[in-house]
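Listed here are the chains, written in short residue letters.
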Amino acid sequence: MRTRGGNSYPLVGTQVTNRRKRVKLSSVICNFFDTLPDDVVLSILVKLASTADYPADFVAALSTCKRFNGLGLNSFVLSQASVETFAVQAVKWSPSANRFLQRCSDAGNVEACYTLGMIQFYVFQNQRTGAALMAKAAIRSHAPALYSLAIIQFNGSGGTKNVKDLIGGFTLCARAASLGHIDALRELGHCLKDGYGIGKNEAEGQRFLLEANARDLASLCSIPSPGLIPGRRLNLPPIMTGSMSIDELGFILPPPISHPANRFLSAWFAGQIPDPMFRICSYGGCGRPETRIHEFRRCSVCGVMNYCSRGCQARDWTMGHSKHCRPMVRFPIINAGGR
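Residues numbered from 1 in each chain as written. Predicted model: local features only at pLDDT ≥ 70, side-chain atom pairs only at ≥ 80, totals over all residues. Heavy atoms only, no water.

Draft legend 1. Focus on the overall build of the chain. Scanning the chain from N- to C-terminus turns up 14 helices and four strands. Relative to its 339 residues, the chain shows a buried fraction of 41%. Residue pairs in contact within the chain that sit at least 24 positions apart in sequence constitute 55% of those at least 6 positions apart. Carbon and sulfur atoms form 58% of the exposed surface of the chain, whose accessible area is close to 19,000 Å². (Helix = DSSP H or I, 4+ residues; strand = E, 2+ residues; numbered from the N terminus. Buried < 20%, exposed > 50% of the residue type's maximum accessible area, 1.4 Å probe, protein only. Contact = heavy atoms within 4.5 Å. Areas by Shrake-Rupley, 256 points an atom, 1.4 Å probe, with all protein chains shown as cover.)

Draft legend 2. Examining the pattern of salt bridges more closely. What the rule picks out here adds up to 10 salt bridges. For Arg-215, the salt bridge goes to Glu-211, with nearest N and O atoms at 3.4 Å. Here the residue Arg-215 and the residue Glu-211 both occupy positions in helix 12 (residues 202–222), the gap between them amounting to four residues, near one helical turn. The shortest N-O distance in the salt bridge between Glu-290 and Arg-279 comes to 2.7 Å. Of this pair, Glu-290 sits in the loop between helix 13 (260–271) and strand 3 (297–298) while Arg-279 sits in the loop between helix 13 and strand 3, and the two are 11 residues apart along the sequence. Overall, Arg-279 belongs to the buried group, its relative accessible area being 14%. Taken together, the shared-partner salt bridges connect Asp-183, Arg-186, Asp-216 and Arg-315 into one network. (Salt bridge = Lys/Arg side-chain N within 4 Å of Asp/Glu carboxyl O.)

Draft legend 3. Highlighting the packing of aromatic side chains. What the rule picks out here adds up to eight aromatic pairs. When the ring of Phe-58 is compared with that of Phe-100, the centres are 6.2 Å apart and the planes differ by 40°; the resulting orientation is tilted. Note that Phe-58 is positioned in helix 3 (residues 55–62) and Phe-100 in helix 6 (residues 95–106), a separation of 42 residues in sequence. By relative accessible area, Phe-58 is classed as buried at 1%. With a centroid separation of 6.2 Å and an interplanar angle of 40°, the aromatic rings of Phe-86 and Phe-100 are classed as tilted. You can see Phe-86 sitting in the loop between helix 5 (75–79) and helix 6 and its partner Phe-100 sitting in helix 6, a full 14 residues away along the chain. (Phe/Tyr/Trp six-rings, centres within 6.5 Å; stacked < 30°, edge-to-face > 60°.)

Draft legend 4. Molecular detail of the confidence of the model for the chain. With 76% of its residues at a pLDDT of at least 70, the chain reaches an overall mean of 81. Across residues 223–242, confidence stays below pLDDT 50; counting only partners more than four residues off in sequence or on other chains, it has 24 contacts. (pLDDT = per-residue confidence, 0-100.)

Draft legend 5. Representation of the nonpolar core. Counting residues in each nonpolar core, the largest one holds 69 residues, and the members touching the most others are Trp-93 and Cys-281. With 10 residues, helix 7 (residues 110–123) is the largest single contributor of residues to this core. (Core = buried A, V, L, I, M, F, W, Y, C linked by side-chain atoms within 4.5 Å.)

Draft legend 6. Spotlight on unusual backbone geometry. A positive phi angle, close to 55°, is found at Gln-125, a residue other than glycine. On the basis of relative accessible area, Gln-125 is assigned to the partly exposed category, the value being 44%. If you check the backbone angles, Ser-141 has positive phi at about 65° while not being a glycine. When you line up the elements, Ser-141 lands in the loop between helix 8 (127–139) and helix 9 (143–155).

Draft legend 7. Representation of the environment of Ala-314 within the structure. Locating Ala-314 in the fold gives a position in helix 14 (residues 310–324). Separated by 128 residues in the primary sequence, Ala-314 and Arg-186 place their C-alpha atoms 8.2 Å from one another.

Draft legend 8. View of helix 2 (residues 38–50). With 13 residues, helix 2 should cover 18 Å at 1.5 Å per step; its first-to-last C-alpha distance of 18 Å lies within 8% of that length. Those residues of helix 2 lying buried are Val-41, Leu-42, Leu-45, Val-46 and Ala-49. Along the axis of helix 2, the buried residues cluster in a sector spanning 140°; they form a single face. (Expected span 1.5 Å × (residues − 1). Arc of directions from axis to C-beta.)

Draft legend 9. Representation of the environment of Met-277 in the model. Within the secondary structure, Met-277 is located in the loop between helix 13 and strand 3. Among all residues touching Met-277, those that are not within four sequence positions of it are Glu-290 and Ile-293.

Draft legend 10. Fine view of the side chain of Ser-82. Tracing the backbone through its elements, the reader meets Ser-82 in the loop between helix 5 and helix 6. Within the structure, the side chain of Ser-82 is placed 2.8 Å from the backbone oxygen of Ala-52, a separation counted as a polar contact. (Polar contact = N/O pair within 3.5 Å; in protein donor to acceptor, adjacent residues only side chain to side chain.)

Draft legend 11. Molecular detail of the side chain of Arg-315. Checked against the element boundaries, Arg-315 lands in helix 14. Of the polar contacts made by the side chain of Arg-315, one reaches the side chain of Asp-183; its length is 3.1 Å. Sequence-distant contacts of Arg-315, that is, excluding residues within four places in its chain, are made with Ile-182, Asp-183, Asp-216, Pro-256 and Tyr-283.

Below you can see the structure in the form of structure tokens.
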């Protein structure tokens, strides 16, 4: 019998048959895997976890049978889980999701360390715990974790304005850039051009900005788009300065796929802001909130948009802010005491 709207009704013959087939198929699969040694089943689960596109892919495998559920929570399997395995939706956050991420983090999964660290640092404002988790991933050369820690050091996030560590931020940013992180490359270039946290070196800064643009163009070549044939050599301008953005060069990049941690932050703070005085990074793919008033930079032209880093500012400029940015109206300062 099934119930719907408080009323009971009998299962029809086809529904009963389909249910019996599913139960029988599930039992056959479980019986088949029961005959395999543990190391073979573990290798299958590792392959599934490392290639999962959604959290549901991994959860569905764990719910197949008791043996899968037991071996699927093995520390070796959890350490190999893909980044999308931790793409928990903000509306579905729960203590069990937190425990799962913590368990994967304890197993040594760097993506789980970074994702849980970002959530703890910015959502629950546990700065010490969040920074420690991100540092755990950064030690394993996780580029997004290195860059996030660099942003924290540059902004003095979680503390006062006086606790900024520009040298530490530059060092972390340089490490992330050496691993090919595009936003870190762009941040590093601006630091060198402006002498921010390091001695001023405009030529070297220009080189890093140029490399960031080149990597953006390389990603453009790998994604089919109107007017662009994959594999065809791009006719670049004879002189391409690093200060030019991709849209100024005549190319339109598709929005990059944000890390699950940033997608979680964007969705979480879309409906609730911890303090009306705190601002959210204006780049839609970031989601970081301020941890103190006036922590983020404003756009120097329009004065409306706020950014946690130059990397996010450059991304947002390319994604459309360049079309809407207008100089702010500046009123002359009148000296009331003079003529």
